[in-house]
Amino acid sequence: MQITPPQTGPEALSSARLPIGIFDSGVGGFTVAREIVSRLPDESIIYFGDTLRCPYGPRTLFEVKTFAQQISNWLVNQQVKLIVIACNSATAAGLESIQRLLDVPVIGVIEPGARAAVMATRSRRVGVIGTVATIESGAYTRSIRAIDAGVTVFSTATPRFVEIVEQGLRLDRNPFEDIMAQTAAIYIRPAFAEIARDYLDPLCRCKIDTLVLGCTHYPLLTPLVRSVLGPDIQIISSAEETALDVADTLARRGQLAPAGTPVHHRFATTAAEPGDFVVLGSTIFRRPIEDLALVSIDDLEATMQPLQRPA
Ligand code: DGL
């Protein structure tokens, strides 16, 4: 988390009314966006889903970093006051470089998840699951061990979980029902359970007492994961902890939207056909996705030149 000096005066007050920018490769980041707006009901957000280039997980870190920089620049051009990288793969690949490039605070999801895991573990044996990009980056291991070097981290890539989440969302077509309350019914199915066991049994054999869901799609799989892990292993998602970081950072900067500020959420996607983004996104976010911009890859690439600082 970045620590910045508090701001006061008219400048801070006007920037307090600006939206928070949040992005992911697709709809997974809505699990984080949902936590942020429920903790900070006076804040407006601009949510960007890079659906056309999703998934990020199998891509190289360099490629994901470039995408994350483009989207961050696009969000800055929309005048956001803070950016949340609501994607573990993009956080692993791009957080540091984006923090260096931009003047607005940038918060990722890995450090909050790592912190929550270190606070939760008693045996100091922590498991982490995520995309190939996230796990191969080693970002969780570094982040957890930077907080407590005595923790042993066992990590494994679980790429098919993203597929399972999206399949399950397509089974649930009512956009305004609370998907989080229905995830057991949607995801506890024999075919999904078999995949989950293949991924998670080896971690259980490592005697972990805490498992980090290191992908923003995965909170929807909590009941499925729980059905394999049993009752004794704690499951950590970084969404809540990230929302706390956002609240804390805005408070320190004097940039929390004043109570009663009119809220207007906006959305953007690179999808050529945004139907799935709207239906799946509103299912997770639990709010309608109405003010939607379609952004082309050319528009994103064009953001790179003017905003880069000279070396
Ligand atoms: N939501 C992304 C993450 O947190 C994973 C999805 C993808 O592979 O693009 O890593």
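For clarity, every value in this text was computed on a predicted model and none was experimentally measured.

**Some words on the sheet that holds strand β2 (residues 45-49)**
The six strands are arranged β4-β3-β1-β2-β9-β10 in an open sheet whose pairing can be described as parallel. Looking along the sheet, the strands with just one partner apiece sit at the ends: β4 (106-107) and β10 (292-294). In terms of strand pairing, strand β9 (residues 266-269) meets β10 through three bridges, oriented parallel. In the sheet register, alanine 268 faces β10, and the bridge partner there is alanine 293. Contacting β1 (20-24), β2, β3 (82-85) and β9, helix α3 (residues 61-77) crosses the sheet at an angle of about 155° to β1. Docked against the sheet, helix α13 (residues 275-285) engages β2, β9 and β10, running at close to 135° with respect to β9.

**So, the site of the ligand**
Around the ligand, the structure places 14 residues, and the nearest of them are Ser25, Tyr56, Gly57, Asn88 and Ser89. Histidine 217 has a polar side-chain atom sitting 3.2 Å from a nitrogen atom of the ligand. Notes on the ligand: free accessible area 300 Å², of which the protein chains cover 99%. For the ligand, the cavity whose grid points lie within 2 Å of the majority of its atoms is the largest cavity. Taken together, the residues of the shell around the ligand break down into six nonpolar, seven polar and one charged.

**Looking at the environment of arginine 53**
Checked against the element boundaries, arginine 53 lands in the loop between β2 and α3. Spatially, the C-alpha atoms of arginine 53 and glycine 113 are 25 Å apart, while their sequence positions differ by 60 residues. Contact partners of arginine 53, with chain neighbours within four places excluded, come to Arg59, Phe67, Gln70, Thr270, Ile297 and Leu300. Here the side chain of arginine 53 touches aspartate 50 through a polar contact of 2.8 Å, side chain to side chain. One polar contact links arginine 53 to glutamine 70, side chain to side chain, over a distance of 3.0 Å.

About the criteria used
Residues numbered from 1 in each chain as written. Predicted model: local features only at pLDDT ≥ 70, side-chain atom pairs only at ≥ 80, totals over all residues. Heavy atoms only, no water. Pairing = 2+ DSSP bridges. Helix = DSSP H or I, 4+ residues; strand = E, 2+ residues; numbered from the N terminus. Contact = heavy atoms within 4.5 Å. Axes fitted to C-alpha atoms, helices over the stretch in contact; angles between N-to-C directions. Near = heavy atom within 4 Å. Polar contact = N/O pair within 3.5 Å; in protein donor to acceptor, adjacent residues only side chain to side chain. Areas by Shrake-Rupley, 256 points an atom, 1.4 Å probe, with all protein chains shown as cover. 1 Å grid on protein atoms, 1.4 Å probe; cavity = no way out; pocket = protein on both sides within 12 Å on 5 of 7 lines; lining within 4 Å. Sits in = over half its atoms within 2 Å of the grid points. Nonpolar A, V, L, I, M, F, W, Y, C, P; charged D, E, K, R; others polar.

Scope: geometric values only; no functional claims are made or implied.
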